[in-house]
Every structure is written in C-alpha cells, then in structure tokens.
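Survey of secondary and tertiary structure
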Amino acid sequence: MGETKSHTYSKGELFGYLTGMFGQNLIYQVIAAGLVSYYLGSVLYIPAAAVSAIIFVARIWDAINDPMMGTIVDKTHTKWGKCRPYLLFFPVIIGIMTILCFVNGRYTDAEGFGKVLIVAWAAVSYIMWGMLFTVCDIPLWGITSLMTEDQNDRAKILGLARIAAIIGGIGTVITFIPDMFKGMFEGKYNAMVGTDGYTQAMAIDDTKKAAWIFTVILFTVVGTIFFQIAGIVTRERVPGDAEDKRGFIDNFKIMWNCLPFRQILISGVLRSPLQLLMILAMPLAMYYFLDNDTNNIGKEGGDSLLLLKVGLIALAVFGAQFVASAITPALVKKYENRKIYNFYTIAGAVPYALIFVAFKLSGGNLTTLPWSICLAILIGLAAASMGGINVMQSIMIADCVDYEEYHKGYRPDGVFFSGQSFLTKLAGGIAALIQGVVYTIVHFSGDNLAKINNTLATTDTHFYELDGGKYAAAMFFLISIPIAVGMILSALPMKNYAMTDAEHKQMLDELVERRNSNKENQ
C-alpha cells in the first residue's frame, strides 16, 4: 500500500480556531464559575436546593438537546460546511443571552410570587443559554475532525484546544473581579449605608450586584469577539456524507451501538463528580481564604501573604491542567490511549482523596502558608489528572468517528461530539446536585447565606471559623471524596477498551486512501 496524502489545516487556521476556543470558554466560565457557582447563591441568594434543581433539570434537557443538535449538524450541508455555519452566526447571540442570565432580582428582597418569578427567570434564562451554547459547542469540537485527515495533526489540535480552553478558564477569576468595581457603584447606595443593620446589608448587596453585572458585560464582550474568530478563519477539508437521512432516534442507536463510544460515555457519566473541582475551586478560594471580599488582600492588619496563598491555589488549578494538556498529545505518540486514560483516572483519585485528609489533619485551618502550599500541591496533582482526561476523551471520541466511518460508511462528527458536550453538561448537573444537597444540609444557602455574607462584611470573623467550621468542611468534602470515588469507578468501563491504537491507525490509513481514490475518480 503506497503512501497517501492527508489534507490538513494551515497555521493561521489553527491559531484562529484556538482563539475561538479561548473566547468560547471565557464565556462558559462567566456562566459556570460566575452565575452557577457564585452569583445565583451568594449574590441573589436563591436557595441552594432551587439552584441545584435548575441546573439538574437543564442538564437532563441537555441529554435530549445535545444529540438533537448533533443530528442537525450532521444534516447540515452549506457552502461553508456542516459545522462552520454555526460558528459564524451564533457567538453574538450567545453573548447577549449570557448577559441576560444575570439580569434578575434578589430572592431575599422579594415576597410570595416575586420569589417564584426570580427562580423562574433563573431557570428559563439558564436553560435558554445552555441550548444556544450547544448550537456552537458541538460544531466547535466537531470541526476538528473535519479540518484535517492527519491523525497526528488532529491529536495536536485537540491537545491545543484543551490548552486554549484552560486558558479561557481564566474566566473563573470573575468571582474575584466585581469587588474591584464596587467603588464605582457605592455612591448610588450611600444614603442607605449607616442606618440599621438590615438596610446596610441591602446596600452592600446592591453594590455587589451592580459590580457583578458590569464585570459580566466586560468579560462577555471580550469572549464573544474572540469566539467569533473561529468561524471566520476555519475551513472544512474532510468530506461529509452526501446525503444524511438518519433521524434523531437513529443517532441515539448509533451512539449506543458503537462499543468504544459507549464505553467512553459510561466512563464519563461515572466521573461526573469531577466537575465539583471547577465549580468550587474559585468560590472556595473566595470564601475560605478571602472571607468573601477580595479587598481583604493588602488590607491593613490583614494577612500579608493572602495574595500568595490564593495565587498558589489558582496556579494549581489552571497551571496543572495546562501542563497536562500540553504533554498528553506527546504521550499519545508513545503509549496506548487506554493506558494513558486509565492512568489519569486511577492515579488522579489519590490527590483528590488526600485533600479532605489534609483538611482534617490541619484542624480545619489550611490558611497557614505550609498548609496552603500542601493544599496547592494536592489540587495541582488533582487538576492535572482532569486536564489529561479531557484531552484523552476528545482524542478518543474523534477516533470513534473514524471507527464508525470505517465500519458503517458515514461520519457522525456532530452526533459523537454532542456526546462530549452532553458529558460535560451532565457532569456539571450531577455535580451541582451533589453540591446543592450538601449545602442544604449545612444551611449554606438562602437567608442564612445572606447572614453569613453580612457577618463577613461587617466583622473580623473568618469564614473557616463560622459555626464550628462546618461550611468550610462541606466545601472541602465536595472537592475531595465524591470526586475520588467517581474517578476510580470511571476506569472500570475502559479496562477492556474496544479499539486499540494499532486498529485505529489501520482504519485511518484505509479511510484516507478511500477518500483520495474517490477524488481521483470524480
């Protein structure tokens, strides 16, 4: 068999695609780290049980919506291709909906039906945002298998895509930014400050809410501009099906009947608690180290090393993911995909479990420098496993597209990458449900959370001291034990993965030869 020519992307396209991936993930973190992890509960004070229910229902809907969108993508045939049209026309719409998610009333200020309306808008806007985001998320990942026929180039772009997504994860710092803008809005509420304690608390909350909306607009505009670039510069090179008559139910059957893809799906569902780290990392730093106010950094008489400690945690979360995502494509060239995947899952469970052990051994106070360094190391090792798993999942899903084309003659790019989108969203929903249950049990929610925030804002009390440290314990439990259990379980379906690397290479070589032969015969 002679050597066949693979068509692949240019450096300019690669850069443009990665720029779009960065912008998309910046917007994603505005919602995931901003709205879901902090704003709904700690600014609007919507009860944790309601927030968890909203997120869980949205994720159940995504279980239907994502494969539907994958079906639509696979049926799309335009002069731009089947994935690129969505990347051209939807980023601005997603940006507008992102901002609208934050335009809502505060639950503690409303009564009766007003509370219902606040929760209803939180639910409707979030679900609408999720549907719109899916319209671009599936094509953004799916187009990677259409931009190149070369296996190494595809592993490269997927690895770099995960790095770009991690860099876009800088959006998680949105939790810290609004406090920096509070001074712009305090004058509006000065008349209320200094009266009774309740009114003073309202003024503090109103100022923070205004600063949050201002910050969200800034982040979203920047993210949307970058996101738009992916649609403008990318091109599709791998031909799709000339005519796709498969329906929604047919695509569900395709996903389930493809054994390697089914194994990836089951593994991803079992690993769902992993999302707790990304949901809670920045809120934990905000409360546990900063007592819910970034202005405590540099505060006279405060902890002079506070910025260093928070910086160590942030570096651990994002830096470790970055490194793991960067080295994983190189590992793929040397080791079996299944072995790399299972190493990340099983070895990654250890540091997650040790996080809660460290919290207990420290007596609940990890804010001293030695314990902060210890915590950063454990979180870094844990986050590295997450980064590696994410890259491997994308690479292996792309391989499953080739598997299906080789055996069945069609490429379900949209449907299979909708599975990745579905896994991410379902994992977030299950993680949010776990969080909501734990927060409800310890009463870190609603009116009580408003009282906690007011106590932290008006006294010298530290968060980890409140109510015997039970709120801090709840946070550390969530980013430790459920994740460790989920990681171990997720390795089980992949023990006997149904496609070896050698088998995939043979399939891909034959597919490239088929395509080139078809072009020569046209």
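Residues numbered from 1 in each chain as written. Predicted model: local features only at pLDDT ≥ 70, side-chain atom pairs only at ≥ 80, totals over all residues. Heavy atoms only, no water.

**Comments concerning the overall build of the protein chain**
When its secondary structure is counted, the protein chain shows 20 helices and zero strands. Against the globule reference of 24 Å for 522 residues, the protein chain gives a C-alpha radius of gyration of 24 Å, in line with a compact fold. Taking all 522 residues of the protein chain together, the buried fraction comes to 59%. Partitioning the intrachain contacts of the protein chain with sequence separation of at least 6 by distance along the chain shows that 86% fall at a separation of at least 24. When the accessible area of the protein chain is evaluated, it comes to approximately 20400 Å², of which 66% is carbon and sulfur surface. Each charge class in the protein chain can be summarised by its mean position, and for the 40 positive and 41 negative side chains these summaries are 3 Å apart. (Helix = DSSP H or I, 4+ residues; strand = E, 2+ residues; numbered from the N terminus. Rg over C-alpha atoms; globule rule 2.2 N^0.38 Å. Buried < 20%, exposed > 50% of the residue type's maximum accessible area, 1.4 Å probe, protein only. Contact = heavy atoms within 4.5 Å. Areas by Shrake-Rupley, 256 points an atom, 1.4 Å probe, with all protein chains shown as cover. Lys, Arg positive; Asp, Glu negative; His and termini not counted. Charge placed at Lys NZ, Arg CZ, Asp CG, Glu CD.)

**Let's talk about helix α1 (residues 11–43)**
The largest bend in α1 amounts to roughly 50 degrees and is located at L35. Of all 33 residues that make up α1, 30 are buried, and the element is covered over most of its length. Of the residues flanking the end of α1, it is Y45, one or two places downstream, whose phi is positive at about 60 degrees. (Bend = angle between axes of the 7 residues up to and from the residue.)

**Some words on the pattern of salt bridges**
In this structure the tally under the stated criterion is 11 salt bridges. Of the charged contacts in the structure, one is a salt bridge between R154 and D402, with a shortest N-O distance of 2.2 Å. Residue R154 is located in helix α7 (residues 151–168), and its partner D402 is located in helix α15 (residues 369–408); the two are separated by 248 residues in the primary sequence. Of the two residues, R154 and D402, both sit in the buried class. Ionic contacts of the salt-bridge type, sharing partners, join the residues D179, K182, K208 and D293 into one network. (Salt bridge = Lys/Arg side-chain N within 4 Å of Asp/Glu carboxyl O.)

**What about helix α4 (residues 91–100)?**
Taken together, the buried positions of α4 are occupied by P91, I94, G95, M97 and T98. Down the axis, α4 shows its buried residues gathered within 170 degrees of arc, on one side only. (Arc of directions from axis to C-beta.)

**Details of the packing of aromatic side chains**
Summed over all chains, the structure comprises 28 aromatic pairs. Ring geometry for F359 and F476: centres 4.8 Å apart, planes at 20 degrees, overall stacked. Residue F359 is located in helix α14 (residues 337–361), and its partner F476 is located in helix α18 (residues 470–478); the two are separated by 117 residues in the primary sequence. Per residue, the accessibility class of F359 equals that of F476, and both read buried. Connected via pairs of aromatic rings, a cluster forms that spans Y38, Y39, F102, W212, Y287, Y439, F444, F463 and Y471. Taking NZ or CZ as reference, K115 lies 4.1 Å from the ring centre of Y107, over its face. The lysine or arginine in question, R262, covers the ring of W256, its NZ or CZ lying 5.1 Å from the ring centre. (Phe/Tyr/Trp six-rings, centres within 6.5 Å; stacked < 30°, edge-to-face > 60°. Lys NZ or Arg CZ within 6 Å of the ring centre and 35° of its normal.)

**Quick notes on the packing of helix α12 (residues 275–289) against helix α13 (residues 306–332)**
It is at 10 Å that the axes of α12 and α13 come closest, and there the two elements cross at 175 degrees. Relative to α13, α12 is oriented roughly antiparallel. Note on element contacts: α13 touches α12 through L306, K309, V310, I313, A314, V317, F318 and Q321, opposite M278, A281, M282 and F289. Of the residues belonging to the contact of α12 with α13, the class tally is 10 nonpolar, one polar and one charged. (Axes fitted to C-alpha atoms, helices over the stretch in contact; angles between N-to-C directions. Parallel < 35°, antiparallel > 145°, perpendicular 65-115°, else oblique. Nonpolar A, V, L, I, M, F, W, Y, C, P; charged D, E, K, R; others polar.)

**Digging into a nonpolar patch on the surface**
Taken together, the side chains of W256, I266, L270, F477, I481, V485, L489 and L492 make up a nonpolar region of the molecular surface, amounting to roughly 680 Å² of accessible area. If you list the elements that add at least two residues to the nonpolar patch, you get α11 (259–270) and α19 (481–491). When residues of the nonpolar patch are assigned to their parent elements, the largest contribution, three residues, is made by α19. With respect to the helices and strands, L492 occurs in the loop between α19 and α20 (501–521). (Patch = residues over 30% accessible without salt bridge, like charges linked within 9 Å, V, L, I, M, F, W, Y side chains within 5 Å.)

**Digging into the side chain of S52**
One can find S52 in helix α2 (residues 48–74). Classification of S52 as buried rests on a relative accessible area of 5%. S52 has contacts with A432, L433, Q435 and G436, leaving out every residue within four places of it along the chain.

**Quick look at the state of the cysteines**
This structure, assessed with the given rule, holds zero disulfides. C83 takes part in no disulfide bond, and the closest cysteine sulfur to it belongs to C136, at a distance of 11 Å. (Disulfide = S-S within 2.5 Å.)

**Section: the confidence of the model for the protein chain**
In this model, the protein chain carries a mean pLDDT of 86, and residues with pLDDT of at least 70 account for 92%. Averaged pLDDT values over the elements of the protein chain bottom out at 76 in helix α10 (residues 248–257) and peak at 96 in α4. (pLDDT = per-residue confidence, 0-100.)

**Digging into the packing of α11 against α15**
Running from amino to carboxyl end, α11 crosses α15 at an angle of 155 degrees, the nearest separation of the two axes being 9 Å. Accordingly, the angle class assigned to the pair α11 and α15 is roughly antiparallel. Crossing angle aside, the handedness with which α11 passes α15 is left-handed. Packed against α11, whose contacting residues are P260, F261 and I264, the element α15 presents Q393, M396, I397, C400 and Y403 at the interface. (Left-handed = near helix turned anticlockwise from the far one by under 90°.)

**Considering the environment of G409**
Among the structural elements, G409 can be located in the loop between α15 and α16 (413–442). For the pair formed by G409 and I27, sequence separation is 382 residues and the distance between their alpha carbons is 36 Å.

**Let's talk about the side chain of Q263**
With respect to the helices, strands and loops of the structure, Q263 is situated in helix α11. Exposure remark for Q263: the relative accessible area of 10% places this residue in the buried category. When sequence neighbours within four positions are dropped, the list of residues in contact with Q263 reads P493, M494, N496, Y497 and A498.

**A word on unusual backbone geometry**
Positive phi, close to 60 degrees, is recorded for Y45, a residue that is not glycine. By the secondary structure assignment, Y45 is in the loop between α1 and α2. At H443, a position not held by glycine, the phi torsion is positive, near 65 degrees. In this fold, H443 is placed in the loop between α16 and α17 (446–458). Of the residues examined, H443 reaches a relative accessible area of 46% and is grouped as partly exposed.

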